[in-house]
Amino acid sequence: MTDRLRFASTDRYIAARDLEVAVNAAIALARPLLVKGEPGTGKTVLAEEVARALRLPLIQWHIKSTTKAAQGLYEYDAVARLRDGQLGDAKVHDIANYIKRGKLWDAFVADTPVVLLIDEIDKADIEFPNDLLLELDRMEFFVYETKETIVAKRRPIVIITSNNEKELPDAFLRRCFFHYIRFPDKETMERIVAAQHPNIKQELVREALHLFYDMREVPGLKKKPATSELLDWLKLLMIEDIPLEVLRAKDPKVVIPPLHGALLKNEQDVHLFERVAFLARRGQ
Amino acid sequence: MFAGFVNALRNEGVKVSLLEYLTLLNGLKAQVALFDVEDFYFLARASLVKDERLIDRFDRVFALYFRGLQAVHGAILADIPEEWLKQLAERFLTEEERAAIERLGGLEKLLETLRQRLMEQQGRHEGGSKWIGTAGTSPFGAYGDNPEGVRIGQASSRRRSAVKVWDKREFRDLDGEVELGTRTLKLALRRLRRWAREGEASELDLSGTIHATAANGGCLDLQMRPERHNKVKVLLLLDIGGSMDDYIEESAQLFSAARAEFKHLETFYFHNCPYESLWRNNRRRHDQVTPTLEMMNTYGPDWKLIFVGDATMSPYEITEPGGSVEHWNAEAGTVWMARLLKRFRNAIWINPRDPRAWEGTSSARLMRQLIEGRMYPLTLDGLEAGLKELQRGRR
């Protein structure tokens with residue numbers, strides 16, 4: 001059944017053709033898709049949109065630095081069992097009462113295929129991906145406490161995101177499809193903006209994009225503004241109803257674009273930008 | 001089916017495994033990419049390349065490999081009945097032009113030569129006057145200005161643009177071999193972080209012990225775990241001034257990257273080659289110096305030493321006493337280098353210049369010998385190799 005599913009850009013999410021192909025390959029072969037890219041280019045949103053487009057439920061597993069691979073499968077709450085044992089609770093005789101299902105378990109036993117998002121896998125310990133190798137490859141695992149094997153009824157569509165904080169092991173990579181989301185060009189960006197803010201004034205978008213790409217060009221910014229920042233900024237511009245002229249202003253006094261707080265997230269960057277903008281304007 | 005392609009990729013350093021190759025074939029079988037070379041390219045990329053730094057290399061191989069196929073396609077087109085060509089020639093060519101064709105030996109000869117060159121030609125070609133390619137004066141290829149030109153590959157623009165996606169090489173600045181940019185530097189920085197977190201000592205895992213004890217029904221079960229070391233100590237020695245001016249920005253980037261990643265990081269400056277004194281603050285280099293010996297006594301042998309410098313100077317600045325350009329040094333640079341390396345066994349030299357220029361500079365060669373070959377370029381790959389070397393540790 002899964003091979004009938006096909007993903008394409010939706011009215012809300014603009015995916016480049018290469019991303020569509022990668023997602024479809026992952027769906028067709030039921031292998032995980034690893035997505036990398038600059039922060040804010042829509043890696044996590046991708047999973048949500050794939051689920052929405054295919055009308056499948058989405059199970060999200062957000063990884064933290066303390067997350068263990070086994071937590072995705074199940075957890076054995078031994079402390080609760082010890083407590084129950086001391087209180088003489090009858091529950092204590094069945095170990096299954098203390099097994100807590102993890103996200104992978106949920107994804108495996110779901111009746112329909114699901115989209116499973118493993119978000120920011122690079123945040124976890126370096127051995128984390130290795131510990132999930134077999135589980136993601138064969139889509140099954142063994143529960144030692146109850147001696148049962150959990151096999152996926154329907155192989156879920158697994159989407160994994162990474163911010164490149166850690167190198168992922170080769171053996172893991174070989175089992176995935178890989179896609180690197182590049183920063184969209186102006187044209188694609190206009191389509192993305194149109195999808196997100198349908199009634200925004202064309203002119204405003206063009207001027208704003210212009211400013212935005214200029215800003216990304218400023219050398220030495222600690223955190224370059226990305227798509228998500230742009231969308232936030234546009235939303236703010238619309239709410240505040242900033243007139244077009246302000247964006248175009250070449251007045252040296254107004255060197256910094258209005259509401260820049262949405263774009264630059266760090267005061268050093270703001271200072272740097274002010275300096276660069278000031279110099280540039282003075283040169284004109 | 002594409003075994004040759006996979007081999008070409010492996011030769012270029014994109015280590016494609018059998019599993020990935022099979023995945024690609026399965027993807028084709030599952031009809032993910034149908035009759036569309038661009039989709040095929042995307043599918044191949046998603047299944048064979050797992051590192052954005054290698055995508056540019058993949059693009060190059062793809063272009064080379066499948067450009068070849070396109071040329072073959074052109075040769076088939078060139079096999080259309082010669083009468084047609086002759087008719088066309090008679091209709092569109094002037095007397096002079098036809099005479100020009102005769103110079104090459106007529107149409108038969110033209111096509112014959114074409115076939116030969118298609119067989120000889122190895123890769124993609126632009127300009128020039130013999131090979132098939134674009135924008136040249138050769139009789140073969142597109143957009144040329146030879147009156148006898150045979151157009152090859154014009155049929156390829158059936159999609160929106162004639163430039164192929166893989167020819168755009170949009171992932172060029174992610175290649176590990178190019179120099180560090182702002183983005184790639186962040187990656188290198190991450191690598192430093194991973195490196196800083198490894199350790200081997202053991203400590204008591206308290207929560208693990210509680211869990212294991214509980215799981216054990218209340219009998220004590222001690223759990224140990226490796227200690228998390230985030231305490232790698234790094235001594236950074238930066239060359240500044242003179243020939244390093246061109247690389248100041250890169251070095252400063254590396255410096256700020258390193259600062260964020262290590263708890264113990266000490267920075268000293270030197271000029272060209274370390275001698276008996278170093279300084280901590282470049283602005284006050286003349287009135288606030290730290291004797292090198294004092295520095296060596298302050299920091300133990302467990303500190304890792306990273307030199308950053310272009311190692312470009314006159315050789316005697318390294319080998320001779322009094323060779324320094326700034327002051328009189330009683331002992332030669334070699335002596336001081338040897339002392340430093342004896343004290344700090346884990347040391348590397350990062351050189352922002354292009355490695356190809358090292359061999360041509362005798363001081364760089366010399367310095368590289370002094371540091372036993374542990375000189376690395378300031379690129380992502382170079383940094384990685386250097387850090388691996390540091391991590392390995394010499395005792």
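Residues numbered from 1 in each chain as written. Chains lettered and ligands numbered in written order. Predicted model: local features only at pLDDT ≥ 70, side-chain atom pairs only at ≥ 80, totals over all residues.

S.K.: Looking at this structure, I do not really get the overall build of chain A. What am I missing?
M.R.: In terms of regular secondary structure, chain A is built from 13 helices and nine strands. Within chain A, the fraction of its 284 residues that count as buried is 33%. The contacts in chain A between residues at least 6 apart in sequence include a share of 76% that link residues at least 24 apart. (Helix = DSSP H or I, 4+ residues; strand = E, 2+ residues; numbered from the N terminus. Buried ≥ 20, exposed ≤ 12 C-beta atoms within 10 Å, placed from the backbone. Contact = placed C-beta atoms within 7 Å.)

S.K.: For this particular structure, what's the right way to read the overall build of chain B?
M.R.: Tallying secondary structure elements over chain B gives 17 helices and 11 strands in all. By residue count, 31% of the 395 residues in chain B fall in the buried class. In chain B, of all internal contacts separated by at least 6 residues, the share reaching a separation of at least 24 is 61%.

S.K.: Can you help me understand the sheet that holds strand β2 (residues 58-62) of chain A in this one?
M.R.: Strand pairing in a sheet relies on backbone hydrogen bonds. The paired strands run either parallel or antiparallel. All names here are of chain A. Here five strands make up an open sheet; going across it, the order is β2-β5-β8-β1-β9 and the pairing parallel. The strands lining the two open edges of the sheet, one partner per strand, are β2 and β9 (177-181). Neighbour-to-neighbour, the strand axes of the sheet open up by a mean angle of 20 degrees, direction not taken into account. Sheet topology note: the strand β1 (residues 33-37)/β9 ladder contains five bridges and is parallel. Paired with Gly37 across the bridge in β9 is Ile181. (Pairing = 2+ DSSP bridges. Axes fitted to C-alpha atoms, helices over the stretch in contact; angles between N-to-C directions.)

S.K.: Sorry if this is basic, but what is going on with unusual backbone geometry here?
M.R.: Glycine aside, negative phi is the norm for most residues, and most peptide bonds take the trans geometry. Its identity as a non-glycine residue notwithstanding, Arg55 of chain A has a phi of 55 degrees, on the positive side. With respect to the element layout, Arg55 of chain A can be found in the loop between α2 (43-54) and β2. We classify Arg55 of chain A as exposed; it has 8 C-beta atoms within 10 Å. A positive phi angle, close to 65 degrees, is found at Asn272 of chain B, a residue other than glycine.

S.K.: Would you mind showing me how to read the packing of helix α1 (residues 17-29) of chain A against helix α2 (residues 18-29) of chain B here?
M.R.: If you want to describe how two helices pack, look at the angle between their axes and the distance between the axes. Where α1 of chain A contacts α2 of chain B, the axes come no closer than 10 Å and their chain directions differ by 90 degrees. With respect to each other, α1 of chain A and α2 of chain B are oriented roughly perpendicular. Only Thr23, Asn26 and Gly27 of chain B of α2 of chain B make contact with α1 of chain A, whose side of the interface consists of Ala25, Ala28 and Leu29 of chain A. Tallied by class, residues from the contact of α1 of chain A with α2 of chain B come to three nonpolar, three polar and no charged. (Parallel < 35°, antiparallel > 145°, perpendicular 65-115°, else oblique. Nonpolar A, V, L, I, M, F, W, Y, C, P; charged D, E, K, R; others polar.)

S.K.: Any chance you could explain helix α14 (residues 333-343) of chain B here in plain terms?
M.R.: Counting along an α-helix, one turn takes 3.6 residues, and residues three or four places apart therefore face a common direction. Residues and elements named next belong to chain B. Looking only at α14, the buried set comprises Gly333, Trp336, Met337 and Leu340. Projected onto a plane normal to the axis of α14, the buried residues spread over an arc of 100 degrees and lie on a single side. Pointing more than 90 degrees away from the buried face of α14 are the exposed residues Ala338 and Lys342. (Arc of directions from axis to C-beta.)

S.K.: What is the right way to read the pairing of strand β5 (residues 115-119) of chain A from this model?
M.R.: Residue and element names in this part refer to chain A. Most of β5 is tucked away, with four of its five residues classed as buried. In this structure, β2 lies alongside β5, joined through five bridges in parallel fashion. Paired with His62 across the bridge in β5 is Asp119. For β5 and strand β8 (residues 157-162), the ladder comprises four bridges, and the chain directions are parallel. The residue bridging Val115 from the neighbouring strand is Ile157, located in β8.

S.K.: In this structure, what is going on with the interface of chain A and chain B? I would like to understand it.
M.R.: Accessible area lost upon the coming together of the parts is a frequently used measure of interface size. On the side of chain B, 28 residues touch chain A, which itself brings 28 residues to the contact. When residues of the side of chain A that touches chain B are traced back to their parent elements, those giving at least two are α1, α4 (78-87), α8 (170-174) and β9 of chain A. Residue contributions to the side of chain A that touches chain B peak at eight residues, all from α1 of chain A. Taken together, the residues that form the side of chain A that touches chain B break down as 14 nonpolar, four polar and 10 charged.

S.K.: Can you walk me through the environment of Tyr376 of chain B in this structure?
M.R.: All names here are of chain B. Summarising the element assignment, Tyr376 is placed in strand β11 (residues 375-377). Between the C-alpha atom of Tyr376 and that of Trp349, which follows or precedes it by 27 residues, the distance is 6.2 Å. Once residues lying within four places of it in the same chain are set aside, the contact partners of Tyr376 are Ile348, Ile350, Gly382, Leu383, Ala385 and Gly386.

S.K.: Could you clarify how one ought to interpret the packing of helix α9 (residues 186-196) of chain A against helix α10 (residues 202-217) of chain A in this entry?
M.R.: Residues and elements named next belong to chain A. Running from N to C, α9 and α10 point in directions that differ by 130 degrees, and their axes come no closer than 11 Å. As judged from the angle between their axes, α9 and α10 are oblique. Between α9 and α10 the crossing geometry is right-handed. Together, Lys186, Met189, Glu190 and Val193 of α9 and Val205, Leu209 and Tyr213 of α10 make up the contact between the two elements. Looking at the contact of α9 with α10 residue by residue, the classes come out as five nonpolar, no polar and two charged. (Left-handed = near helix turned anticlockwise from the far one by under 90°.)

S.K.: It is not clear to me how α2 of chain B should be interpreted in this structure. Could you clarify?
M.R.: Residues and elements named next belong to chain B. With 12 residues, α2 ought to run about 16 Å at 1.5 Å a step, and its terminal C-alpha atoms sit 16 Å apart, in line with that. Among the residues making up α2, those that are buried are Glu20, Thr23, Leu24 and Gly27. All buried residues of α2 lie within an arc of 100 degrees about the axis, which places them on one face of the element. What points out from α2, more than 90 degrees from its buried face, is the exposed set Leu18, Leu19, Leu22 and Lys29. (Expected span 1.5 Å × (residues − 1).)

S.K.: I'm lost on the confidence of the model for chain B in this one. Help?
M.R.: It should be kept in mind that the predicted coordinates are not to be read in detail where pLDDT is low. All names here are of chain B. Taken over all residues, the pLDDT of chain B has a mean of 70, while the share at 70 or more is 57%. Counting contacts from residues 71-81, a segment whose pLDDT is below 50, to residues more than four positions away or on other chains yields 12 contacts. Low pLDDT (under 50) marks residues 121-163, which in the prediction has 81 contacts with non-local residues, meaning those over four places away or in another chain. (pLDDT = per-residue confidence, 0-100.)

S.K.: It is not clear to me how the environment of Leu33 of chain A should be interpreted in this structure. Could you clarify?
M.R.: Residues and elements named next belong to chain A. You can see Leu33 is positioned in strand β1. By the C-beta count within 10 Å, which is 25 here, Leu33 ends up buried. Along the sequence, Leu33 and Ile157 sit 124 residues apart, while their C-alpha atoms lie 8.2 Å from each other. In contact with Leu33, not counting residues within four places along its chain, are Ala22, Val23, Ala26, Ile159, Ile160, Cys176, Phe177 and His179.

S.K.: I tried to follow the nonpolar core on my own but got confused; where do I start?
M.R.: Soluble globular proteins tend to bury their nonpolar side chains together. With 72 residues, the main nonpolar core has Ala22, Ala25, Leu33, Val50, Val115 and Ile159 of chain A together with Leu43 of chain B as its most contacted residues. Among the elements that line this core, the one with the most residues is α1 of chain A, at nine residues. Apart from residues lying up to four places away in sequence, Ala22 of chain A is in contact with Leu33, Phe177 and His179 of chain A together with Phe42 and Ala46 of chain B. Membership of the second largest hydrophobic core comes to 37 residues, among which are Leu237, Cys273, Phe344 and Leu387 of chain B. (Core = buried A, V, L, I, M, F, W, Y, C linked by C-beta atoms within 7 Å.)

S.K.: It is not clear to me how the pairing of strand β5 (residues 233-239) of chain B should be interpreted in this structure. Could you clarify?
M.R.: On a regular strand, each side chain points to the face opposite its neighbour's, so the side chains alternate between the two faces of the sheet. All names here are of chain B. Burial analysis of β5 places six of its seven residues in the buried class, which makes it a mostly covered element. Where β5 meets strand β6 (residues 264-270), seven bridges bridge the pair, whose relative direction is parallel. Its bridge partner being in β6, Leu238 is matched across the sheet by Tyr269. Relative to strand β9 (residues 304-308), β5 runs parallel, the two sharing five bridges. Opposite Leu238, over in β9, you have Val308 as the bridge partner.

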